[in-house]
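# Understanding the architecture of this molecule
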Number of protein chains: 2
Amino acid sequence: MKVFTLPERTEWKKLLARPAIDAAALEQKVKVILDDVKVGGDEVVKKYSRQFDGMDPGDLRVDENTINTSEQGLPDELKQAIQQAAANIRAFHEKQLSPVEMIETMPGVKCWRKSVAIEKVGLYIPGGTAPLFSTLLMLALPAKIAGCKEIVLCTPPSADFAGGAGLHPAILFAAKTAGITRIFKAGGVQAIAAMAFGTESIPAVYKIFGPGNQYVTCAKQLVQKDGIAIDMPAGPSEVAVYADDTANPAFVAADLLSQAEHGPDSQVVLVVVAPTLAQRVQKEMEKQLLQLPRKQIATIALENSKIIIVRNQDEAIDLLNEYAAEHLILSCAHPEAVAERIINAGSVFLGNYSPESVGDYASGTNHTLPTNGNARAYSGVSLDSFIKKITYQQLTEQGLKNIGRTVEIMAAAEGLQAHKNAVTIRLSP
Amino acid sequence: MKVFTLPERTEWKKLLARPAIDAAALEQKVKVILDDVKVGGDEVVKKYSRQFDGMDPGDLRVDENTINTSEQGLPDELKQAIQQAAANIRAFHEKQLSPVEMIETMPGVKCWRKSVAIEKVGLYIPGGTAPLFSTLLMLALPAKIAGCKEIVLCTPPSADFAGGAGLHPAILFAAKTAGITRIFKAGGVQAIAAMAFGTESIPAVYKIFGPGNQYVTCAKQLVQKDGIAIDMPAGPSEVAVYADDTANPAFVAADLLSQAEHGPDSQVVLVVVAPTLAQRVQKEMEKQLLQLPRKQIATIALENSKIIIVRNQDEAIDLLNEYAAEHLILSCAHPEAVAERIINAGSVFLGNYSPESVGDYASGTNHTLPTNGNARAYSGVSLDSFIKKITYQQLTEQGLKNIGRTVEIMAAAEGLQAHKNAVTIRLSP
């Protein structure tokens, strides 16, 4: 990790910049697949599956019996862990249910706002080196709690499971745990296209969630232009750790490495006041890195990572707010007081016993979080992501009399006579 | 208005389709202006103002004295109306403040979620035929209630007010009423560019709000790709009215016309069970239309508008949910029961005394709403639009012991050893 000692504030922006992502370069390739699926449906999804996933998925839909018997292949302790994580995630997201907010703004003028589930949502779970059943829980459980009627899940089939359902049993068990029954063997751009436009088997949805590689990210951006909502703009995962003398260097090192192993483009930032702490963390990292199966990935990520030594805690907080990390770990004295002053972050981990990995899997908070500085304006996925809030107003005749003049005057001043008339005609004797 | 009698469900999608908006066609033009402002700053904003607004704005920033003395030019009744509307909007949006949600998902595992204001937001108020001070209230008041620190307002200068501040006094008075002090005379694509990238005078913001013509809409979409959040995708304004025998044809006609006068591309849909009601509404519209100053605009909008006669109320509700109107007026018996069954709409107006114009100006609900079918997945602007929700977790040592095994097992199953280590190292004796 590169060390930057007492950089000036004017240098922060450059220092904290993430690598630019050039989605435009992929657009043409991605667009071809999107258009192809739009026209050709299931058969085209299967064609791309043979090409990219290296297998013919057969029926795209996974039948319910396969989902229900998935657990037979899994160790009990993994099933229990998934169930415990699901219980915690469910509890945290159920807390986010909000009541109808109603107010009479003037006598006879009643206004309210109500949460209504998005009727049709699509969840995308990428394939790759590991089965991301944790992400499945993070998306499916809030969708169920919100009350989405049609929850479609797409995930690429893998030749590793060609004998069975084509999908990892932990994925199927997590889906079963969350109560998801419409699972389709489709991945990559073709899965995003299928959920955006619909095919013979895969229903079109109104909003698409989930992580993915740069092609999937680009596909989500393109279908967003066509009026399909998406969860949030995506970028490489990242962590910032603020550590002071109360931090344990071995713990900090483990946290930094757990981010670094995600991918070669992972972003890792350590902010400290004391240079000696930085050295002790680095030594620990070298030691721990050797033990990691994914040490090659982590090593590449760490080459782009930064240790920033600042003058004091105030400066650290300002710098962390400027960075707007997806994950922010506060390994410091009085982390509650520091957390109060954090205004830009996806999820915050307080104290020495709150590693990022508890949030990644099981504490209950959602791990789908804004990256790439988007935490300045975006929230992570939550129950809110699966609902919209509709507003309502109901006036009595007297209510309209009370507010009518206000509306008439404003409408006239904006030059909108018909807007005024809609009131006047109702109040005319 | 074209009348469609008992269309089959299979025809609904085509019948309810909005005109396609081809933003791509404008992209090149808009991109030139964005890039130009990014490099050239204030001087380029002024150059485009001379070109498009027909005046040199001079200093881009409106000085506070000008804002504070704006009311001198305004009739008292307009000032009072603006203040009344502001009071109602403030009351409704203050109801949307939400407390911290905290839960201990397992003993020693505390998780919570907190609303934090987006630090820097930009509000765009278009110029054009009328001063949209109502939109200013709808955006500025929630931003203030949310606690956004830097609220930047851009609106194009007009030669009509060249002698004064270059802006309509009602715009300035509404800004003053809402407590907005950083107002800039900048409009169109150049204003969006200035708020996205910053200029010498105009600060860069994290999220941009507000309506605009197709160029402004395109500019917002393009800066969104660069990581600037925007309020929502925009399209022409629209209303759907469901009316039964209890409706007053003159009221319904007035509501339809108030939408039609917005612009030639406004979308107006009337859904009825009884063909006779449709005829009576149409007669009323012909009569009222003659009195309107904007009758030319309304006439064009009505040519693309539709009356749809359905079999019964159930079918009407299904059709309205499929359409997902920005504004939905329920001029029918028991509107509360019908409203309960609406799952896709921006804002709903219940009963014969709740015209859309009360929501446009003063009932308290927000008038920045999802158009173009986006109400299926998007909410209108609310307090939520100006905050993000950060999640937090804090574990005690015992808490980590309680959840640790779950995290270790899941991390190992996903092949992420360093994630597991971050727990193991903390629990090792």
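Since the model is a prediction, treat every value here as computed from it, not as a measurement.

### Quick word on the interface of chain A and chain B
- Counting from both sides, the interface comprises 116 residues of chain A and, opposite them, 116 residues of chain B.
- When residues of chain A are sorted by the area they lose upon contact with chain B, A:Y353, A:E414 and A:R426 head the list and together hold 8% of the total.
- Taken together, the links from chain A to chain B amount to 12 salt bridges.
- Where B:K114 meets A:E340, a salt bridge forms, and the shortest distance between an N and an O atom there is 3.6 Å.
- The interface formed by chain A and chain B includes 60 residue pairs in polar contact (both at pLDDT 80 or more).
- The element best represented in the side of chain A that touches chain B is helix 16 (residues 397–413) of chain A, accounting for 10 residues.
- Tallied by class, the residues present in the side of chain A that touches chain B amount to 59 nonpolar, 33 polar and 24 charged.
- Here four bridges tie strand 14 (residues 387–395) of chain A to strand 13 (residues 345–350) of chain B, and the two strands are oriented parallel to one another. From the neighbouring strand, A:Q393 faces strand 13 of chain B, where its bridge partner is B:F349.

### Side note on the sheet that holds strand 2 (residues 101–106) of chain B
- Here nine strands make up an open sheet; going across it, the order is 1(A)-11(A)-10(A)-9(A)-12(A)-13(A)-14(B)-3(B)-2(B) and the pairing mixed. The open sheet is flanked by strand 1 (2–5) of chain A together with strand 2 of chain B, the only strands paired with a single partner. Averaged over all adjacent pairs, the angle separating strand axes in this sheet is 20°, with direction ignored.
- As paired strands, strand 3 (residues 109–117) of chain B and strand 14 (residues 387–395) of chain B are joined by nine bridges and run antiparallel to one another. The partner of B:W112 across the bridge, within strand 14 of chain B, is B:Y392.

### Some thoughts on the packing of aromatic side chains
Residue and element names in this part refer to chain A.
- Counted by the stated rule, this structure contains eight aromatic pairs over all chains.
- For the pair W112 and Y392, a centre-to-centre distance of 5.2 Å together with 5° between the ring planes defines the contact as stacked. Of this pair, W112 sits in strand 3 (residues 109–117) while Y392 sits in strand 14, and the two are 280 residues apart along the sequence.
- Judged by relative accessible area, Y392 falls into the buried class, the value being 1%.
- Relative to F386, the ring of F209 has its centre 4.1 Å away and its plane inclined at 15°; by these criteria the two rings are stacked. On the criterion of sequence distance, the pair formed by F209 in strand 7 (residues 207–209) and F386 in the loop between helix 15 (356–361) and strand 14 is long-range, its members being 177 residues apart.
- F386 sits in the buried class, given a relative accessible area of 0%.

### Overview of the packing of helix 2 (residues 24–40) of chain A against helix 3 (residues 42–53) of chain A
All names here are of chain A.
- Between helix 2 and helix 3, the least distance of the axes is 6 Å, while the angle of their chain directions is 140°. Compared by their axis directions, helix 2 and helix 3 come out oblique. Contacts between helix 2 and helix 3 involve V32, I33, D36, V37 and G40 on the former and, on the latter, D42, E43, V44, V45, K47, Y48 and F52.
- By residue class, the composition of the contact of helix 2 with helix 3 is seven nonpolar, one polar and four charged.

### Side note on helix 6 (residues 133–146) of chain B
- Here helix 6 of chain B spans 20 Å end to end across 14 residues, near enough to the 20 Å set by a 1.5 Å rise per residue.
- Following helix 6 of chain B by one or two positions, B:G147 adopts a phi angle in the positive range, close to 95°.

### Description of the relation of the copies chain A and chain B
- Of the transformation placing chain A onto chain B, the axial shift is 0.0 Å and the rotation is 180°, giving an RMSD of 0.0 Å. Taken together, the rotation and translation describe the operation of a two-fold axis. Every residue of chain A has its C-alpha some distance from the rotation axis, and the shortest such distance is that of A:S98, at 4.4 Å.
- A share of 100% of the interface residues of chain A reappears at the interface of chain B, consistent with the copies meeting face to face through the same patch.

### Here's the deal with the environment of B:A298
Residue and element names in this part refer to chain B.
- Along the chain, A298 falls in helix 12 (residues 295–303).
- Separated by 40 residues in the primary sequence, A298 and S258 place their C-alpha atoms 8.4 Å from one another.
- Once you skip the residues sitting within four places of it in the chain, A298 turns out to touch A260, E261 and L289.

### Notes on the packing of helix 5 (residues 76–94) of chain A against helix 16 (residues 397–413) of chain B
- The N-to-C vectors of helix 5 of chain A and helix 16 of chain B enclose an angle of 115°; their axes lie 9 Å apart at closest approach. Viewed along their axes, helix 5 of chain A and helix 16 of chain B form a crossing whose handedness is left-handed. Between helix 5 of chain A, through A:E77, A:L78, A:A81, A:I82, A:Q84, A:A85 and A:N88, and helix 16 of chain B, the contact on the second element is made entirely by B:I403, B:R405, B:T406, B:I409, B:M410 and B:A413.
- Each residue belonging to the contact of helix 5 of chain A with helix 16 of chain B can be placed in one class, and the counts come to eight nonpolar, three polar and two charged.

### With respect to helix 10 (residues 249–260) of chain A
Residues and elements named next belong to chain A.
- For helix 10, with 12 residues, the first-to-last C-alpha span of 16 Å sits near the 16 Å given by 1.5 Å per residue.
- All of the buried residues along helix 10 are P249, A250, F251, V252, A253, A254, D255, L256, L257, S258, Q259 and A260.
- You can read the cap of helix 10 off the contacts: a side-chain oxygen lies 2.9 Å from the backbone nitrogen of A250, and it is on N248.

### Here's the deal with the pairing of strand 11 (residues 306–309) of chain B
All names here are of chain B.
- Side-chain alternation along strand 11 places K306 and I308 on one buried face and I307 and I309 on a second face that is also buried.
- Alignment of strand 1 (residues 2–5) against strand 11, held across four bridges, turns out to be parallel. Across the sheet, residue F4 finds its bridge partner in strand 11, namely I308.

### Brief notes about the sheet that holds strand 12 (residues 325–331) of chain B
- Strand order in the open sheet formed by nine strands is 2(A)-3(A)-14(A)-13(B)-12(B)-9(B)-10(B)-11(B)-1(B), and the pairing between neighbours is mixed. One side of each edge strand has no neighbouring strand; the edge strands of this open sheet are strand 2 (101–106) of chain A together with strand 1 of chain B. Strand-to-strand twist of the sheet, defined as the mean angle between neighbouring strand axes without regard to direction, takes the value 20°.
- Note that strand 2 of chain A and strand 3 of chain A share five bridges and pair antiparallel. Looking across to strand 3 of chain A, one finds that A:M102 is bridged to A:W112.

### Looking at unusual backbone geometry
- Of note, A:L6 is a non-glycine position whose phi angle comes to about 45°, a positive value.
- Mapped onto the secondary structure, A:L6 falls in the loop between strand 1 and helix 1 (9–16).
- Residue classification places A:L6 among the partly exposed residues on the basis of a relative accessible area of 35%.
- With phi around 60°, B:A324 is a residue other than glycine that occupies positive phi space.

### Here's the deal with the side chain of A:E408
Residue and element names in this part refer to chain A.
- Along the chain, E408 turns up in helix 16.
- The class of E408 is buried, set by a relative accessible area of 10%.
- With near-sequence residues (within four places) excluded, E408 lies in contact with K420, V423 and T424.

### Examining the pattern of salt bridges
- In the structure shown here, the tally under the stated rule is 46 salt bridges over all chains.
- Residue B:R426 pairs with A:D255 through a salt bridge whose shortest N-O separation is 2.7 Å. On the criterion of chain membership, the pair formed by B:R426 in helix 17 (residues 417–427) and A:D255 in helix 10 is interchain, its members lying in two chains. Like B:R426, the residue A:D255 is buried in the burial classification.
- With its nearest N and O atoms 3.1 Å apart, the salt bridge here joins B:E150 to B:R182. You can see B:E150 sitting in strand 5 (residues 150–155) and its partner B:R182 sitting in strand 6 (residues 182–185), a full 32 residues away along the chain.
- Among the charged side chains, a salt-bridge network with shared partners connects A:E71, A:D76, A:K79 and A:K176.

### Some remarks on the confidence of the model for chain A
- Looking at chain A as a whole, the pLDDT averages 95, with 99% of positions reaching at least 70.
- For this predicted complex, the interface score ipTM comes out at 0.97, while the overall pTM is 0.96.

### Observations concerning the environment of A:C148
All names here are of chain A.
- Its location among the elements puts C148 in the loop between helix 6 (133–146) and strand 5 (150–155).
- The spacing of C148 and E119 is 29 residues in sequence and 5.0 Å in space, taken between C-alpha atoms.
- Leave out the neighbours within four places in its chain, and C148 touches A117, I118, E119, V121, A143 and F386.

About the criteria used
- Residues numbered from 1 in each chain as written.
- Chains lettered and ligands numbered in written order.
- Predicted model: local features only at pLDDT ≥ 70, side-chain atom pairs only at ≥ 80, totals over all residues.
- Heavy atoms only, no water.
- Contact = heavy atoms within 4.5 Å.
- Buried area = accessible area lost by both parts, 1.4 Å probe.
- Salt bridge = Lys/Arg side-chain N within 4 Å of Asp/Glu carboxyl O.
- Polar contact = N/O pair within 3.5 Å; in protein donor to acceptor, adjacent residues only side chain to side chain.
- Helix = DSSP H or I, 4+ residues; strand = E, 2+ residues; numbered from the N terminus.
- Nonpolar A, V, L, I, M, F, W, Y, C, P; charged D, E, K, R; others polar.
- Pairing = 2+ DSSP bridges.
- Axes fitted to C-alpha atoms, helices over the stretch in contact; angles between N-to-C directions.
- Phe/Tyr/Trp six-rings, centres within 6.5 Å; stacked < 30°, edge-to-face > 60°.
- Buried < 20%, exposed > 50% of the residue type's maximum accessible area, 1.4 Å probe, protein only.
- Parallel < 35°, antiparallel > 145°, perpendicular 65-115°, else oblique.
- Expected span 1.5 Å × (residues − 1).
- Least-squares fit on C-alpha atoms with pLDDT ≥ 70 in both.
- Left-handed = near helix turned anticlockwise from the far one by under 90°.
- pLDDT = per-residue confidence, 0-100.

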